Amino acid sequence: MKHLAVVGSTGSIGQNTLRVVEHLPDRFRIFALAVNSAVDRLAEQTAAFRPAVVAIADSSKVGAYRARCVEKGIPIPEVVTGEDGLRQITSASEVDIVVSGAVGAAGLLPTYSAVASGKTVALANKEAMVLAGELLRRTALKTGAAIIPVDSEHSAVDQCLRSGRLSEVRRLILTASGGPFRETPAEHFPAISPEEALKHPVWQMGKRITVDSATLMNKGLEVIEARWLFDIPTEKIDIMVHPQSVVHSMVEFVDGSVVAQLGTADMRQPIQYALTYPERLASPVAALDWTTIPRLDFVSPDRMKFPCISLAYQAVQMGGTAPAVLNAADEIAVEAFLERKIPFSDIPGLIETTLTAHKAVAADSIESVIEADRWARAFARRRLG
């Protein structure tokens, strides 16, 4: 029996994690749940899974959470709040696996805390590896922590890499659906509305990641994540647009062999793989029906049309705190677009301006990463000002 702390339990990753736990009740038990402010759903999860501890980032919501538990007639678990609360549950001795499913830079500190405590981390928060991948990797080597990716693309690469040694890899190939604007002419980008950008053709995700998928910044961030997850240089990491989203990613080996991971578009599969690794157990995910698979198309992304990809490669080549700045500027740009302050076509420009203005320093401590993140947000907001 493994005990889990689920950070971001009310988001899509968190909810799917709990569905996996329901499917494997003899393998997993929920020790802790963590949310930002969605206490109504947290109370429902408390009733279903009876965690020993819950962490609520927004301390002003604690009263409302307690009231919901009383209404449901369920025992109120220990409640912790803020960053200290997150650190407490992700480093708790009772916890075997931390599911890092918080959105954006907010996932960095709980992920670092889990890695520093030597936990197994099922990592769905790609921003943690983007902001501080080198630091997290170095810390994991010291503490013995295992970082197992949950993103479908990185989970696919992880599975494919079991076919050979890292020294035998020619390149990693991350696949991308291409987003909703794969065939939209670039001259139409200024008129794209938030509603259009939030209609992803394959996945149901949060707003920020959905817009990132529309600009293909999401794929650029995944390149940075892959660089540190698998300790492989970025010149060996490529992107291919694959609209059908059946092939989740591939690994090409030096002998010319290509190993691909295919499956239905259901996040329960990579989550369960991360939780049960190195075992594979039966899951409720629908099997791939080979008789209904359409043709499988692959094409290189148009970097002129989607410049965020090149910006991500530029950031990882700059090194140090540059990826943290890239991510922070992207969050501010996406937020401004969703609030209709800038057009869709201006998102890459704000990111590039912020990245160019930054003087990268070594990301050798969590404080240096947080400071770079803070600087980039302030700079980007001033540019919007």
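Every value quoted in this text rests on a predicted model; they were computed, and no experiment measured them.

A. The arrangement of the pattern of salt bridges in detail. Tallying each qualifying case throughout the model produces 24 salt bridges. Linking Arg-87 and Asp-84 is a salt bridge whose minimum nitrogen-to-oxygen distance equals 2.6 Å. In this pair, Arg-87 and Asp-84 both sit in helix 4 (residues 82–90), three residues apart, roughly one turn of the helix. Take Arg-87: its relative accessible area is 33%, and that puts it in the partly exposed class.

B. The nonpolar core, seen in detail. Residues Leu-172, Leu-326, Phe-344 and Ile-351 are the most contacted members of the largest nonpolar core, which totals 88 residues. A per-element tally of this core places helix 13 (residues 322–338) first, with eleven residues. Discounting chain neighbours no more than four positions away, the residues touching Leu-326 are Met-217, Leu-221, Ile-224, Leu-311, Ala-312, Ala-315, Ile-351 and Leu-355. Membership of the second largest hydrophobic core comes to 32 residues, among which are Val-6, Val-20, Leu-24 and Cys-69.

C. Examining the packing of helix 13 against helix 15 (residues 366–384) more closely. At a closest axis distance of 8 Å, the pairing of helix 13 and helix 15 adopts a crossing angle of 35°. Helix-helix and strand crossings are classified by hand; for helix 13 and helix 15 the assignment is right-handed. Contacts from Ala-324, Val-325, Ala-328, Ala-329, Glu-331, Ile-332, Glu-335 and Ala-336 in helix 13 reach Val-369, Ala-372, Asp-373, Trp-375, Ala-376, Arg-377, Ala-380, Arg-381 and Leu-384 in helix 15. Residue classes in the contact of helix 13 with helix 15 are distributed as twelve nonpolar, no polar and five charged.

D. Examining the sheet that holds strand 8 (residues 169–176) more closely. Judged by pairing direction, the sheet is mixed, and its four strands sit side by side in the order 9-8-10-11 without closing on themselves. Two strands lie at the open edges of the sheet, namely strand 9 (237–241) and strand 11 (258–262), each paired on one side alone. On average, each strand axis in the sheet is inclined to that of its neighbour by 20°, with strand direction left out of account. Direction of pairing for strand 8 relative to strand 9: parallel, over a ladder of five bridges. Residue Ile-173 lies in a different strand from strand 9, and its bridge partner there is Asp-238. Against the sheet, helix 7 (residues 152–160) contacts strand 8, strand 10 (247–253) and strand 11, and its axis sits at roughly 40° relative to strand 10.

E. A look at helix 6 (residues 126–143). In this model, helix 6 (18 residues) spans only 21 Å end to end at C-alpha, well below the 26 Å of a helix rising 1.5 Å per residue. Those residues of helix 6 lying buried are Lys-126, Glu-127, Ala-128, Met-129, Val-130, Leu-131, Ala-132, Gly-133, Leu-135, Leu-136, Thr-139 and Ala-140. Just beyond helix 6, the residue with positive phi is Gly-144, at close to 85°.

F. Seen up close, the pairing of strand 6 (residues 120–123). In terms of strand pairing, strand 5 (residues 97–100) meets strand 6 through four bridges, oriented parallel. For Ser-100, the partnering residue across the bridge sits in strand 6 and is Leu-123. Taken together, strand 5, helix 5 (residues 108–116) and strand 6 constitute a β-α-β crossover, and its handedness is right-handed. When strand 6 meets strand 7 (residues 146–149), the two strands line up parallel, connected through four bridges. Note that in strand 7 the partner of Leu-123 across the bridge is Pro-149. Following the backbone out of strand 6, through helix 6 and into the adjacent parallel strand 7, one traces a crossover that is right-handed.

G. Seen up close, the packing of aromatic side chains. Tallied over the entire structure, the rule returns seven aromatic pairs. With centroids separated by 5.8 Å and ring planes inclined at 70°, the aromatic side chains of Tyr-273 and Tyr-277 adopt a geometry described as edge-to-face. Taken together, Phe-181, Phe-189, Phe-306, Phe-337 and Phe-344 form an aromatic cluster joined through their ring pairs. Above the plane of the ring of Trp-228 lies Arg-227, whose end atom (NZ or CZ) is 3.9 Å from the centre. Above the face of the Tyr-313 ring, Arg-303 is positioned so that its terminal group lies 4.6 Å from the ring centre.

H. Seen up close, helix 12 (residues 308–318). For helix 12, the set of buried residues is Cys-308, Ile-309, Leu-311, Ala-312, Tyr-313, Ala-315 and Val-316. If you follow the buried residues of helix 12, they end up packed against helix 9 (207–215), helix 10 (217–229), strand 9, helix 13 and helix 14 (347–357). Positive backbone phi, approximately 75°, marks Gly-319, located one or two places after helix 12.

I. Region of the structure containing the sheet that holds strand 6. Across the sheet, seven strands lie side by side as 4-3-2-1-5-6-7; this open sheet has parallel pairing. Of all strands in the sheet, those with a lone pairing partner are strand 4 (78–81) and strand 7, marking the two edges. Here the strands of the sheet are splayed against their neighbours by 20° on average, with no regard to which way each runs. Of the strands in this sheet, strand 1 (2–7), strand 5, strand 6 and strand 7 touch helix 5, which is tilted by about 150° from strand 6.

J. Expanded view of the side chain of Arg-377. In this structure, Arg-377 sits in helix 15. Setting aside residues up to four positions removed in sequence, Arg-377 forms contacts with Ala-105, Ala-328, Glu-331 and Ile-332.

K. Highlighting the side chain of Gln-45. Here Gln-45 lies in helix 2 (residues 39–49). Gln-45 gets classed as buried once you look at its relative accessible area, which sits at 7%. Not counting the four nearest positions on each side in its chain, Gln-45 is found in contact with Ser-9, Thr-10, Gln-15, Leu-18, Leu-33, Arg-50 and Pro-51.

L. Structural view of the packing of helix 6 against helix 10. At a minimum axis distance of 8 Å, the contact between helix 6 and helix 10 shows a crossing angle of 20°. Taken together, helix 6 and helix 10 sit at an angle that is classed as roughly parallel. Two packed elements cross with a definite hand, and for helix 6 against helix 10 that hand is left-handed. Here Lys-126, Met-129, Val-130, Gly-133, Glu-134 and Arg-137 of helix 6 lie close against helix 10, whose contacting residues are Asn-218, Leu-221, Glu-222, Ile-224, Glu-225, Trp-228 and Leu-229. Its residues assigned to classes, the contact of helix 6 with helix 10 comprises six nonpolar, two polar and five charged.

Parameters at a glance
Each residue is numbered by its place in its chain's sequence as written, counting from 1. Reporting in this predicted model follows two pLDDT cut-offs: at least 70 for local features of residues, and 80 or more for side-chain atom pairs to be given and counted; totals over whole chains, interfaces and linings ignore these cut-offs and use all residues. Here the side-chain values reflect all heavy atoms present in the structure, with hydrogen atoms and water set aside. Whenever a carboxyl oxygen of Asp or Glu lies within 4 Å of a side-chain nitrogen of Lys or Arg, that contact is scored as a salt bridge. Counting from the N terminus, the helices are the DSSP runs of H or I reaching at least four residues and the strands are the DSSP runs of E reaching at least two. Between buried and exposed lies partly exposed: a residue is buried under 20% and exposed over 50% of the maximum accessible area for its type, with that area taken using a 1.4 Å probe on protein chains only. We define a nonpolar core as any set of buried Ala, Val, Leu, Ile, Met, Phe, Trp, Tyr and Cys residues linked to one another through side-chain atoms lying within 4.5 Å. Contacts are assigned to residue pairs that have any heavy atoms within 4.5 Å of one another. Helix axes use the C-alpha atoms of the stretch in contact, all axes being lines fitted to C-alpha atoms, and the angles between their N-to-C directions lie in the range 0 to 180 degrees. Left-handed describes a crossing in which the near helix is turned anticlockwise from the far one by less than a right angle; the clockwise case is right-handed. All amino acids are sorted into three groups, where Ala, Val, Leu, Ile, Met, Phe, Trp, Tyr, Cys and Pro are nonpolar, Asp, Glu, Lys and Arg are charged, and the leftover types, Gly among them, are polar. Strands are treated as partners if at least two bridges between them are detected by DSSP. Expected span of a helix: the number of residues minus one, times 1.5 Å. The path from the first strand over the helix to the second decides the hand: if it runs clockwise while the strands point away from the viewer, the crossover is right-handed. The aromatic pairing rule takes the rings of Phe, Tyr and Trp, using the six-membered ring of Trp, and pairs them if the centres are within 6.5 Å, calling planes under 30 degrees apart stacked, those over 60 edge-to-face and the rest tilted. Either the NZ atom of lysine or the CZ atom of arginine qualifies as a charge over a ring when it sits within 6 Å of the ring centre and within 35 degrees of the ring normal. Comment on the angle field: the value is read as roughly parallel under 35 degrees, roughly antiparallel over 145, roughly perpendicular from 65 to 115, and oblique elsewhere.

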